[in-house]
Amino acid sequence: MTASTPLGLVPAPRDAVLAGDDAVLPAAFVARIDPELAGARAVLLDVLAVRLGCSVAVVTDDGGSAAVRLAHRPSMPEEDYRLTVDGAREPVVLIEAGGAAGARHALRTLQQLAGPAAFRTVPTGPVAGVPLPGVLVDDGPRFGHRAVLLDVARHFMPKDGVLRFIDLASAHKLNVLHLHLTDDQGWRMEVRAFPRLTQVGAWRTESQVGSSRSPLRDGTPHGGYYTQDDLREIVAYARSRGVVVVPEIDVPGHSQAAIAAYPHLAPHLPPQQVWTRWGLNPHALGVSDEVLAFFRTVLDEVMEIFDAPMICLGGDEVPTQEWATDPETVARAAQLGLDDVDELVPWFVAQLAEHLRAHGRRATVWDEVGGARVPTDVVVNSWRGYRGGIDALRDGHDVVVCPEHEVYLDHRAAAGLDEPAPVGTVHTVEDVYRFEPLTEQVAEAAAEPGAGAVLGAQAHVWTEQLDSGRRVDYAAYPRLTAFAEVVWSPLERRDWADFDHRLRGAHLARLDAAGVEYRPLDGPHPWQRRPAVPGWPLRFDELGRLVHAEDGAR
Ligand code: ACM
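The structure displayed is predicted, hence computed values, not measured ones.

Conventions used here
Residues numbered from 1 in each chain as written. Predicted model: local features only at pLDDT ≥ 70, side-chain atom pairs only at ≥ 80, totals over all residues. Heavy atoms only, no water. Salt bridge = Lys/Arg side-chain N within 4 Å of Asp/Glu carboxyl O. Pairing = 2+ DSSP bridges. Helix = DSSP H or I, 4+ residues; strand = E, 2+ residues; numbered from the N terminus. Axes fitted to C-alpha atoms, helices over the stretch in contact; angles between N-to-C directions. Core = buried A, V, L, I, M, F, W, Y, C linked by side-chain atoms within 4.5 Å. Buried < 20%, exposed > 50% of the residue type's maximum accessible area, 1.4 Å probe, protein only. Contact = heavy atoms within 4.5 Å. Expected span 1.5 Å × (residues − 1).

Visitor: Give a description of the pattern of salt bridges that names residues and reports values.
Guide: Scanning the model with the defined rule gives 41 salt bridges in all. A single salt-bridge network, built from bridges that share partners, covers Asp46, Arg51, Arg108, Asp167 and Arg241.

Okay, structure coming up:
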């Protein structure tokens, strides 16, 4: 292995060497796939037939010659692969993989070896074959759960944007899309049993412009939702690209859109509108049996559509002050034997987690409701730093590491005046690259007897400040590229200078070819700035507390 990663591969593979003869994959060829790897067929055809324009005959019998061969190796882990490109051999491209996932990853590596043209939608000229360097790549992921959250509730992203987001995630070897489908500002999933969730809950009259402290409003209605067929298409498309879609129905806070549609979900409140502001909402759902029954029905429809082993129930940032002054809610907590109304939050989430378990699914939750207060099969997303994850591991929960101060990609990408609507703390590309899910304390907690496991990590694209796919591109890339290397590549391969070299020398050209409007490394283009839009830039003080930044940003 050379010190630097050859050929600008991103994320860096476990091992890659230039070996054998350079090759040209002919314009028409046979690809022979073992039946166990048939799940890689869609990526094979997308890269080699659609984007590069080759005429590909896919066969699954085991005789005859083939320029591309996908061979199942049961001894290899499901996501591992070995890729050999050698112009002096037949097949020219040999992919050996433990499963379809590994074969897809190999094809994503091949896509990068074929050059930026392999990231365009179709060939731009006559197809004369695909030149490839002779190479031997031996690869597999560091973490099994390599996730990105996309918030389609704060700003709706039309379906084609979600499919494109999935394609890009898959090209970076990410394998989970956490789809944040519901929040105070919008409900985005059609539910047959409760049509008002989208008739009413998917639309708001206007949006706040800038941070939650901004006085500005746009005076423009916003909304949208996915039909059940749209969601089935998203799930199937993602599956064909090796990405599992984990849906989130966020309860019992972050629920004002549902309450606006069905006021009986919060009988302690006057009627509400879909929220038009950002920030911490003061309202939560009611906690009656009727409300639980409503959400069990919602989850039944979620489980019909989404095949993910996990479903996120939220549980974050639940305000309990209104519960504390509502006699019925106080009585409910007492009748359940709970210490106070705060304990209704994990209780409520645990009721729904039980419903998911009865149907063979696992709940995931934000770390406010982790720990000993929910059943141990519930997965905890550690977003408020590492502490919640560490406690949850000790309590036996599996954990996804996703700390706000490290991997919230809506947070500003640089200090200073130029970032569009700068919110949160600074996360540069290098900061994200230096994020380490397995801190010493996390690793220690995970090693204790009876502890849960660290499944992996998740980066977040919240969209209060990202009102279009163009702004999502800006926030996500290239920081999501850096995150992808963190979760895929072995720790000993982590080398910022090498990554920076590959990013500048090879990977940005791939993103350009794919039409990604990423943040330029030296700052936004003039049209990517939003000088009139107030942000809320924060920084950590010497004691690690969040304070308003005084770095010249607005
Ligand atoms: C979160 O950022 N409220 C999970």
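Visitor: Pulling in residues and values, what's your account of the sheet that holds strand S24 (residues 546-548)?
Guide: The mixed open sheet is built from 3 strands, whose spatial order is S21-S23-S24. The open sheet has two free edges, formed respectively by strand S21 (423-424) and S24, since each of these has just one partner strand. Inspection of the sheet shows S21 paired to strand S23 (residues 536-540) by 2 bridges, in the parallel sense. Bridge pairing links Val423 to Trp536 in S23.

Visitor: An account of the sheet that holds strand S17 (residues 310-314) is needed here, citing residue identities and associated values.
Guide: The parallel closed barrel is built from 8 strands, whose spatial order is S10-S11-S16-S17-S18-S19-S20-S22. The average undirected angle you get between the axes of adjacent strands in this sheet is 30°. Across 3 bridges, the pairing between strand S19 (residues 379-382) and strand S20 (residues 399-401) is parallel. Paired with Ser382 across the strands is Val401, a residue of S20.

Visitor: Explain the nonpolar core to me, using residue names and the numbers behind them.
Guide: Ranked by internal contacts, the top residues of the largest apolar core, which has 118 residues, are Trp187, Leu197, Phe295, Val298 and Phe483. When neighbours within four sequence positions are excluded, Phe483 is seen to be in contact with Ala147, Leu174, Val407, Val432, Phe435, Ala457, Gln458 and Ala459. Within the second largest apolar cluster, 41 residues are counted, among which are Leu25, Leu52, Val93 and Leu113.

Visitor: Kindly report on the environment of Pro526, identifying the contributing residues and their values.
Guide: Residue placement: Pro526 occurs in the loop between helix H17 (496-514) and S23. Since its relative accessible area comes to 57%, Pro526 is described here as exposed. Separated by 108 residues in sequence, Pro526 and Asp418 place their C-alpha atoms 8.7 Å apart.

Visitor: I'd like to hear about the environment of Ile390, residue by residue, with values.
Guide: Among the secondary structure elements, Ile390 is positioned in helix H11 (residues 387-394). For the pair Ile390 and Ala88, spaced 302 residues apart in sequence, the C-alpha to C-alpha distance is 52 Å.

Visitor: Talk me through helix H3 (residues 159-171); I want residue IDs and the actual numbers.
Guide: Here H3 contains 13 residues, and its C-alpha end-to-end distance of 19 Å stays within 8% of the 18 Å for a straight helix at 1.5 Å per residue. Counted residue by residue, H3 has 10 buried out of 13 residues, so it is predominantly covered. Positive phi shows up at Lys173, right after H3, with a value of about 65°.

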